[in-house]
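What the coordinates show
Given next are the chains, with one letter for each unit.
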Amino acid sequence: MGVSGEDATRLGLSEAGVRERLLKAAVELFARKGYAATGVQEIVAACGVTKPVLYYYFGSKEGLFLEIMNDALRLFEATIAGALSSEGSVRHRICRLLDGVFGLILDNLELARLAHSLYFGPSQDAPVFDLEVFHQRLHETVRALVAEGQASGELKAGEPETVAVALLGALDIAEGIALCHPDWGFGREQLHKVLSVIFEGAQALPNRG
């Protein structure tokens, strides 16, 4: 549905970034209050616009929520694609992947908090969105890269699943610290140090024979 220039001005659509502001306000409110407890009026009031503006961009509160999650999934998939297409060793690609995902988390802490509350907490009557796709996709990608490294001799032979779990565990701990203890200052550099410890145990030793 289109709007005229006059309607756009009346609705406040002429202001740059209003769509992004609505997304940001919704994430913050959903994370703090829960999806069901957050009303459309609260979201638009936080942005200084009216309800028709939200309906113009997203159709409904449900549409706004799904756009938030789909935007997150697109960024996540782009991060995976970038890591897989990069050159270098398996270790480099895994580190780039986990660093990229952690960077997304650090840049979107309220969204990560919302996702955790939806995944682990009680039902909030939010629209159906398969949050498991994030965990499954990342797990499968890391496991496949570990298997590639083991097959090429870069990493010690063994069970790819075990090494993948260790690497993903480091990311999970880093995310938990970022969400619960941001004052600790655990950033991407610290994650790389933890990953290095894991890789030193998984890396194949040179053949001295």
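Residues numbered from 1 in each chain as written. Predicted model: local features only at pLDDT ≥ 70, side-chain atom pairs only at ≥ 80, totals over all residues. Heavy atoms only, no water.

1. Regarding the nonpolar core
Taken as a class, soluble globular proteins show a tendency for nonpolar side chains to be buried jointly. Ranked by size, the top nonpolar core spans 59 residues in total, and within it L22, I43, I68, L98, L138, V142 and L167 carry the most contacts. In contact with L22, other than residues within four places in its own chain, are I43, V44, C47, V49, V53, L54, Y57, F58 and L64. (Core = buried A, V, L, I, M, F, W, Y, C linked by side-chain atoms within 4.5 Å. Buried < 20%, exposed > 50% of the residue type's maximum accessible area, 1.4 Å probe, protein only. Contact = heavy atoms within 4.5 Å.)

2. What about helix 9 (residues 160–180)?
Across its 21 residues, helix 9 extends 30 Å between first and last C-alpha, which sits within 8% of the 30 Å expected from 1.5 Å per residue. The set of residues buried in helix 9 consists of V163, A164, L167, L168, A170, L171, A174, E175, I177, A178 and L179. (Helix = DSSP H or I, 4+ residues; strand = E, 2+ residues; numbered from the N terminus. Expected span 1.5 Å × (residues − 1).)

3. Here we look at the packing of helix 2 (residues 18–33) against helix 7 (residues 109–120)
At a minimum axis separation of 8 Å, helix 2 and helix 7 run at an interaxial angle of 45°. Of the possible angle classes, the one that applies to helix 2 and helix 7 is oblique. Where helix 2 crosses over helix 7, the handedness of that crossing is left-handed. When helix 2 is examined against helix 7, the residues V27, E28, F30 and A31 are found in contact with a partner set consisting of E110, L111 and L114. A per-class count over the contact of helix 2 with helix 7 returns five nonpolar, no polar and two charged. (Axes fitted to C-alpha atoms, helices over the stretch in contact; angles between N-to-C directions. Parallel < 35°, antiparallel > 145°, perpendicular 65-115°, else oblique. Left-handed = near helix turned anticlockwise from the far one by under 90°. Nonpolar A, V, L, I, M, F, W, Y, C, P; charged D, E, K, R; others polar.)

4. Overview of the environment of V142
Note that V142 resides in helix 8 (residues 132–152). Note on V142: relative accessible area 0%, which makes it buried. Sequence spacing of V142 and L167 is 25 residues, and the spatial spacing of their C-alpha atoms is 8.1 Å. Apart from the residues within four sequence positions on either side, V142 is in contact with L97, L98, A164, L167 and L168.

5. Looking at the pattern of salt bridges
Tallied over the entire structure, the rule returns 12 salt bridges. Of the charged contacts, one joins R19 and E67 as a salt bridge, the two residues approaching to 2.7 Å between their closest N and O atoms. Separated by 48 residues along the polypeptide, R19 in helix 2 and E67 in helix 5 (residues 61–85) bring together distant segments of the chain. Residue class for R19 comes out partly exposed when judged on its relative accessible area of 23%. On the accessibility criterion, E67 (23% relative accessible area) is partly exposed. Bridged by salt links that share partners, the residues R19, E20, E67, D71 and R74 form one connected network. (Salt bridge = Lys/Arg side-chain N within 4 Å of Asp/Glu carboxyl O.)

6. With respect to the packing of aromatic side chains
Here the structure, examined in full by the defined rule, presents eight aromatic pairs. Between F30 and Y35, the aromatic rings sit 5.1 Å apart at their centres with planes inclined by 50°, giving tilted as the arrangement. As far as the burial class goes, F30 and Y35 line up, both buried. Seen in terms of ring centroids, F129 and F134 are 6.4 Å apart; in terms of plane orientation they differ by 35°. Their pairing is tilted. The class for F129 is buried, based on a relative accessible area of 19%. (Phe/Tyr/Trp six-rings, centres within 6.5 Å; stacked < 30°, edge-to-face > 60°.)

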